[in-house]
Amino acid sequence: MISRLEGKLNRVGDDSATLSPTAGVDVDVLLPPTAVQSLGGRVGERVALHTHLFLESQGQGVVMLPRLAGFLAPSDRAFYLLLTGVKGIGLRRGLRVLAAPTADIAAAVAQGDVKFIQTLPEIGKKTAESLILALRDKVAPFVEVDVAVSGQGGGVGSVAMPGVGSGAAFVGSGAFPGAGAAGLAVAALEQLGEDASMAAQKVARVLQAEPSLAEADEPEPIIAAALRFEG
């Protein structure tokens, strides 16, 4: 499984890009519109994408071709996989739907905002309603949280997470994205059978006890620490 690709960005098209991880090798990667917009001015630079490898049928299923989809953050990839689990939203369509930031789409789903969901490509009213019904209870980790930074050089920030009181304090840069590693850790704990509120509380307390984990790029160390947490 190819989960991350880093290399020189050689081309950005309408729905894909080409990266060269090493000399003489070009890799084509399918992109959602948000990634296309972000990477459009970075041709020639070295970039990293979090990827998902899948097989796409051709010729009525006679041929299966490998495709690589790329995302700017692990949370974008995780939300894409959640989205494509909804009936009627396939792997290609799921990429096109991501024409707005993940946090904005997740917030609209959580709020039942059918009109906003309908502004996304290829989403009509019925599909929007189905998407909200299927995902409303699953998108909390992807909703961008509000961060209030206390005025001391970005040292301690107060953040609001689903299921956690507003007074939780974390040491770090003052930016604690709910759709980042911590948010993915909450979602993983839920998948392991943890109550949603308790999962969020455990992650919050872990980050309070081990502030360095707030800078983690991946959720695994946060999950491991949360599983060791008692109570």
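These lines cover the structure that appears in this document, whether it is placed above or below. (Residues numbered from 1 in each chain as written. Predicted model: local features only at pLDDT ≥ 70, side-chain atom pairs only at ≥ 80, totals over all residues. Heavy atoms only, no water.)

This next bit is on the packing of aromatic side chains. For the structure on display, the rule yields two aromatic pairs. Each ring, one from F71 and one from Y80, has its centre 4.9 Å from the other, and the planes form 40°; the classification is tilted. By relative accessible area, which is 0% here, F71 ends up buried. We classify Y80 as buried; its relative accessible area is 0%. Where F79 meets F142, the ring centres are 5.3 Å apart and the plane angle is 65°; that geometry is what we call edge-to-face. Note that F79 is positioned in helix α2 (residues 74–83) and F142 in the loop between α6 (125–135) and β6 (147–149), a separation of 63 residues in sequence. By the burial criterion, F79 is buried, and F142 matches it. (Phe/Tyr/Trp six-rings, centres within 6.5 Å; stacked < 30°, edge-to-face > 60°. Buried < 20%, exposed > 50% of the residue type's maximum accessible area, 1.4 Å probe, protein only. Helix = DSSP H or I, 4+ residues; strand = E, 2+ residues; numbered from the N terminus.)

Moving on to α2. Counted residue by residue, α2 has seven buried out of 10 residues, so it is predominantly covered. Looking only at α2, the buried set comprises P74, S75, D76, R77, F79, Y80 and L83.

It is worth spelling out the nonpolar core at this point. I105 and I117 are the most contacted members of the largest nonpolar core, which totals 27 residues. Ignoring any residue separated from it by four or fewer positions in sequence, one finds I105 in contact with F79, V97, L98, A100, F116, I117 and L120. The next biggest cluster of nonpolar side chains, apart from the first, holds 15 residues, and it includes A199, L207, I222 and A226. (Core = buried A, V, L, I, M, F, W, Y, C linked by side-chain atoms within 4.5 Å. Contact = heavy atoms within 4.5 Å.)

Packed helices, taken two at a time, are described by their axes: the angle between them and the distance between them. Put simply, helix α8 (residues 196–209) and helix α9 (residues 220–228) touch, their axes get as near as 9 Å, and they point 100° apart. Put simply, α8 runs roughly perpendicular to α9. For the pair α8 and α9, the contacting residues are K202, V203, V206 and L207 in the first and I222, A225 and A226 in the second. The residue inventory of the contact of α8 with α9, partitioned by class, reads six nonpolar, no polar and one charged. (Axes fitted to C-alpha atoms, helices over the stretch in contact; angles between N-to-C directions. Parallel < 35°, antiparallel > 145°, perpendicular 65-115°, else oblique. Nonpolar A, V, L, I, M, F, W, Y, C, P; charged D, E, K, R; others polar.)

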